[in-house]
Structures are given as C-alpha cells and as structure tokens.
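Below are the chains, spelled out letter by letter.
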Protein chains: 2
Amino acid sequence: MKPVIGLIGPGAMGLGITRALRRHGFTVHVRDINPERNALAQAAGAIVEPTAAAVARRARIVITVVVDGAQTDEVCLGAGGIVETLPKGGVVMMCSTVAPSYTAGLAQRLAEYGILTLDAPISGGPARAEAGTMSMMIAGGKEALDLCAGVLPAMSDKRFVVGDTPGQGGTMKLVNNLLAGIHNVAAAEALALGLKAGLDPHKVFDVVMASSGGSWMFGDRVRRLIDGDKQVAAAMPILTKDVGLALDLGRGLQSPLPLGAAAHQIFLAALAHGHAGEDDNAVFRVYQALTGVELP
Amino acid sequence: MKPVIGLIGPGAMGLGITRALRRHGFTVHVRDINPERNALAQAAGAIVEPTAAAVARRARIVITVVVDGAQTDEVCLGAGGIVETLPKGGVVMMCSTVAPSYTAGLAQRLAEYGILTLDAPISGGPARAEAGTMSMMIAGGKEALDLCAGVLPAMSDKRFVVGDTPGQGGTMKLVNNLLAGIHNVAAAEALALGLKAGLDPHKVFDVVMASSGGSWMFGDRVRRLIDGDKQVAAAMPILTKDVGLALDLGRGLQSPLPLGAAAHQIFLAALAHGHAGEDDNAVFRVYQALTGVELP
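In this text, all values refer to a predicted model and were calculated from it rather than measured experimentally. (Residues numbered from 1 in each chain as written. Chains lettered and ligands numbered in written order. Predicted model: local features only at pLDDT ≥ 70, side-chain atom pairs only at ≥ 80, totals over all residues.)

## Thoughts on the overall build of chain A
Within chain A one finds 14 helices and nine strands. Taken over the C-alpha trace, chain A has a radius of gyration of 20 Å; the compact-globule value for 296 residues is 19 Å, and the two agree within 12%. Taking the principal axes of its C-alpha atoms as reference, chain A extends roughly 65 × 45 × 35 Å. For chain A, buried positions account for 55% of its 296 residues. A separation of at least 24 residues holds for 67% of the contacts in chain A among residues at least 6 apart in sequence. (Helix = DSSP H or I, 4+ residues; strand = E, 2+ residues; numbered from the N terminus. Rg over C-alpha atoms; globule rule 2.2 N^0.38 Å. Buried ≥ 20, exposed ≤ 12 C-beta atoms within 10 Å, placed from the backbone. Contact = placed C-beta atoms within 7 Å.)

## Overview of the domain arrangement of chain A
Residue and element names in this part refer to chain A. Annotation of chain A at the domain level lists domain 1 (5-166) and domain 2 (171-291). The gap between the C-alpha centroids of domain 1 and domain 2 is 29 Å. Here the residues of the side of domain 1 that touches domain 2 are counted per class, giving five nonpolar, four polar and no charged. (Domains from an automatic or database assignment. Nonpolar A, V, L, I, M, F, W, Y, C, P; charged D, E, K, R; others polar.)

## Looking at the nonpolar core
Core analysis: the biggest nonpolar cluster contains 207 residues, and Leu259 of chain A together with Leu259 of chain B have the highest contact counts within it. Look past the residues within four positions of Leu259 of chain B in its chain and what remains in contact with it is Ile182, Val185, Ala186, Glu189, Leu259, Ala262 and Ala263 of chain A together with Ile182 of chain B. (Core = buried A, V, L, I, M, F, W, Y, C linked by C-beta atoms within 7 Å.)

## Overview of the interface of chain A and chain B
On the chain B side, the residues contacting the 53 residues of chain A number 53 residues. Per-element accounting of the side of chain A that touches chain B gives the leading share, 19 residues, to helix H9 (residues 168-196) of chain A. When the residues that make up the side of chain A that touches chain B are grouped by side-chain class, the tally is 31 nonpolar, 17 polar and five charged.

## As for the relation of the copies chain A and chain B
Taken as rigid bodies, chain A and chain B are interconverted by a rotation of 180 degrees and an axial shift of 0.0 Å, the fit giving an RMSD of 0.0 Å. Considering both components of the superposition, the chain copies are consistent with a two-fold axis. In terms of proximity to the rotation axis, the leading residue of chain A is Ser215 of chain A, whose C-alpha is 1.9 Å off the axis. By residue overlap, the copies meet face to face through one surface: 100% of the interface positions of chain A are interface positions in chain B. (Least-squares fit on C-alpha atoms with pLDDT ≥ 70 in both.)

## As for helix H10 (residues 201-209) of chain B
When we look at burial in H10 of chain B, the residues that qualify are Val204, Phe205, Val207 and Val208 of chain B. On its buried face, H10 of chain B sits against strand E8 (134-139), strand E9 (156-163) and H9 of chain A together with helix H9 (168-196) and helix H11 (216-226) of chain B.

## Description of helix H5 (residues 100-111) of chain A
In an α-helix, one full turn covers 3.6 residues, which means residues spaced three or four apart are oriented alike. Residues and elements named next belong to chain A. A rise of 1.5 Å per residue sets the reference length of H5, with its 12 residues, at 16 Å; its end C-alpha atoms lie 17 Å apart and thus fit the reference within 8%. Within the sequence span of H5, burial applies to Pro100, Tyr102, Thr103, Leu106, Ala107 and Leu110. Around the axis of H5, the buried residues are gathered within 150 degrees of arc, so they sit on the same side. (Expected span 1.5 Å × (residues − 1). Arc of directions from axis to C-beta.)

## A look at the pairing of strand E8 (residues 134-139) of chain B
All names here are of chain B. Among the six residues that make up E8, six are buried, leaving the element largely enclosed by the rest of the structure. The pairing of strand E7 (residues 122-123) with E8 spans two bridges and is classified as antiparallel. Following the sheet pairing, Ile122 is matched in E8 by Met136. In this structure, E8 lies alongside strand E9 (residues 156-163), joined through six bridges in parallel fashion. (Pairing = 2+ DSSP bridges.)

## Some words on the packing of H10 of chain B against H11 of chain B
Residue and element names in this part refer to chain B. Between H10 and H11, the least distance of the axes is 10 Å, while the angle of their chain directions is 165 degrees. It follows that H10 is roughly antiparallel to H11 by the angle criterion. Judged by the sense of rotation from one axis to the other, the crossing of H10 with H11 is left-handed. Of H11, the residues touching H10 (which contributes Pro201, His202, Phe205, Val208 and Met209) are Phe218, Gly219, Val222, Arg223 and Ile226. For the contact of H10 with H11, a count of residues per class yields seven nonpolar, two polar and one charged. (Axes fitted to C-alpha atoms, helices over the stretch in contact; angles between N-to-C directions. Parallel < 35°, antiparallel > 145°, perpendicular 65-115°, else oblique. Left-handed = near helix turned anticlockwise from the far one by under 90°.)

## As for the environment of Glu143 of chain A
Residue placement: Glu143 of chain A occurs in helix H7 (residues 142-148). Sequence separation between Glu143 of chain A and Pro87 of chain A is 56 residues, and the spatial gap between their C-alpha atoms is 14 Å.

Structure (structure tokens):
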C-alpha cells in the first residue's frame, strides 16, 4: 500500500510534485490559500481540504512547499495547522527554501508534538518537479528518512542525503544557490564585456561553454537570453531571495562572502529596474543599463 | 609538403606545442632565452636557433608563446627579431595572452613589414598543448588563416574563429578567463561557507556538480583541492594576470566588472599570502585565512 500524502502549497513547484505523485499512484490531499491553485490540484486528481489540519488528518507524510518561514510556521503551528491533527511519528517534509536556522528551530518545535522533520529543499523548476526529476538536498533522522523512503523516488531522481540534522539540507541548497547567483551575474557581466568589445554573443556562448569559463548557469541563462526567449523559467525574486539567505547564513557564521554580496547588489538593482516579473537572466538588463550594450 | 614552423618560447605551453607539431611531422625551429628550455625542445626533435631572426629565416609561420606584450615586442621587433628575416607574406601566430589593444597595434606594426598576424590565444594547459587538444580563439584576415590552415589542426581540436581583426581572439580569451577567475573565487567562497556550516566537502562537491551551481572551474579546482592534490596544474599568477587584463579591457571600454574586480582582490590576497608558487585553487587559502575553516 502506498502511503497517503498531504501537500500544503500546490504552487508552481507544489503542483508539479502533486502531478508526479498522482502519476505514481499516490493519494494526495492538498491545501492552498489560493482557490485557483486548489482547482488546479483537484484537476490533477488531488483531494482538496479546507485547512492544513484537515490535510494532516489524512496523511502521515505532509509535504510543505510554501514561500517562506512565516508561511511554514502558519501551516505547521498556526490555527488549523498540521500539529493539530498529524499523528505522533508523522513527518513534515519541508521543501521550501528557508534559513537553515529556521528549519533547525522548527524541527525542535515539531518534536514537542512527536512530529518528525525531513529538511528536503528542492531544485530544478516546475517542469522537473512534474517529471519527478528535481534534485533534493535531504537532511533528517533515520526515522524520518525511512518513513519517506517510498515517496522520495517519485519526486526526485537526484537525491543527496547531506546530513542527519534538519537545516543541513537548506544549508547545502544555499551553498549551491549562492554559486548559481554569482554565476548568473558573472555570465551577464562577461557577456556585456564581450558585446561592448564587439564580439558576437553566439560566439561568446560557444567558446565559453567549450572552455574553462563554462557554468551550468551560463549555459541555461545566456542561451535563453541570446535566443530572445522571454519565458520566465526562473523568476527573478527567487534567486534574489536565496542569495540573500546565503548572505544571512554567512553573516551568522562569520563567513565572509564578498562575491556573493557583490552579486546580490546586482540582483537588487534588477528588482529596482522593474525586472521582478522577468526571468532572473534579466540581471543582464542591469549591465545593459550600465554599459549601453544591446543584444542583436 | 608540410610547412616549416618557427616557435619562439618553448616554455610549458610552447614545449607542448613543439611536441605536438613534431608528432605530426612538422619541422620546427625554436628559440628561448632559457638554455634549459632550448635543450628540452631539442630533445623533442626541434632545431634550436640562436635568435628569433634565425628562426624566422627558416619558416613562413612563426608561433610566439612568450609571457607578455613586452617579450612579444622584443622577439618581433627588437634586435635579432622576427621582422629582420621573416619574408613578406609570412605570419606571426600570437599565442600569448596579452591586452587586445596591444595585439591590434602589433598587427599594424608588423603589417609595415608586410607580415601578417594571427591572433590565436590558447587555453587548456601543457598536457593538452602536447596532445594537440588545446582550445584556440582565433582572429585574423583570410590570408593569415589560410597560411596557418595546415598547422592549426595539429595544435588544437577546438578552434573558434571569433573575428577577422587581431585583438578579437585575445578579447574572447579575456571574456572566458574573466569567468574562469570569478568562478574559481566563487568556488572557494562557497566551499568555505559549506565547511563553516559543517557540511562535508565531498558532499558539497557532488551536490554542486549535479545542480545549478556547477561550473567547469568548480569541477576542476575543487576536486583537486578536496583530494589534497598539491600539483600545480594552473599556476596562480596566470589567471591573476588574465583577470587583471580583463579589468584593463573593461576600464578601457567603460564596461564595469564589479564581480571581476572583487574576484581580482582575492587573487591579489592569495599572492600576498605567499601562494604565488601554488595552483590557482589556492584562492581557497585566502578564505581559510578569513574564516578559519579546515579541509579534512
């Protein structure tokens, strides 16, 4: 018998996860504050519940995919929250990217109710969430891992157990996303330099990706930029937030991040320039404003 | 008949090129200011000449692989230099990484002697030079390209013709190496954060390289760092110099490079900390000094 799964927050990623779970034959109970998202989840075959507590009454595993720590707090410990109904020994699988110190504290507060926490931030975007091919950076005790062993493979084909303490999964995600944020800005900076010097952007792309300057972000973001692809594959505010969380982590640990801090300033400038609704490769628009270069 | 090749500067890269050319059956005349390098080139089957002019007397194609613009000037236009003997219509293939504006000016000065210039900076390190699998970013007129068409495939299996004006090859190389330099420092910065937060460095490596934070530099430099590999695969001063040249290029073009400038400061700190004789992944030692982290 497959376990019944609860999922709070069928947004862009959460809906993808819901569809992946349904395709694998899991029964999924969901709850969102937005009726439109509930309708989409219902269309995907999920059962919509009126509260997080109503979801948790039906499941031993509740996945949370909400925006931030405040929303996570609300759905876990607020009125009509998960702790009101989730049985002892149940698990909250935290998929949101939040401050690792928040996750560590949440796990302690949930433990007071006999509830386990699996810190399991996700990466890869909605399409891969739906395909069940996200990557996950997982941290939690053996009990929580065992309980989720049946459902994790339906969500992700790149699972990294990075530690046994909730917070470590988020830490790993922030280390990765710090790099992704720096590489995104570096790509824009180098492309602008190449354009300013008169190079063909497609040649810059080909040379860099075949040479020591290549990065996953350059390959993804610059390709879509020079192809004129305006679709929002990765919304600007997300990586802005993640690099900010990495800076907070570094501040707390006294681990200086000079490149991360400089990159974050460019993300902030992109928001200030009105690019919040665009893909995060719009950091290049900041360099356009600085240099006057144009893409052909 | 394969053309006779001249090569000035059989250093780490130049000796590799010499060996690759010999393996492909080219006759190679060489000259270095260091007798030890001449001996190594001779052992590889090259004919050692007393001056650059003596080399250029024997060849229509002279490859220069010297340290910087000053040395290039000396071997091309100084006493006993290439212009004294290279016949009209001969070509100087510039493989050193120098300021693009220098290359553009050199091409004009060589043109006064009827000599062509192929701007052809190289990338990949000595092992790939010897294997004939370096990458090359090539810029020059059709005549120069045609003259070198027979020899380029013996040197490189990744050749990018990026423009028809000498200087553009170097520009492309600086755009790439700007990224490589930023990514190298970013890798050190993120690894230090992960260690400071208590993550296992091998897990950091695996997660990042499977995720959006991956880069060619992270894969190469961090792997050798966490493996404790002390061999110098890429000497610290080289990328320090190249990022500095990229900053000079940006300054000249009024193309701000805030991440490049921040990364360069860390390279300078690595030199100041006495790591000039180490691999450039020793930028991590700066972050060690800043944070107190240790690699297991």
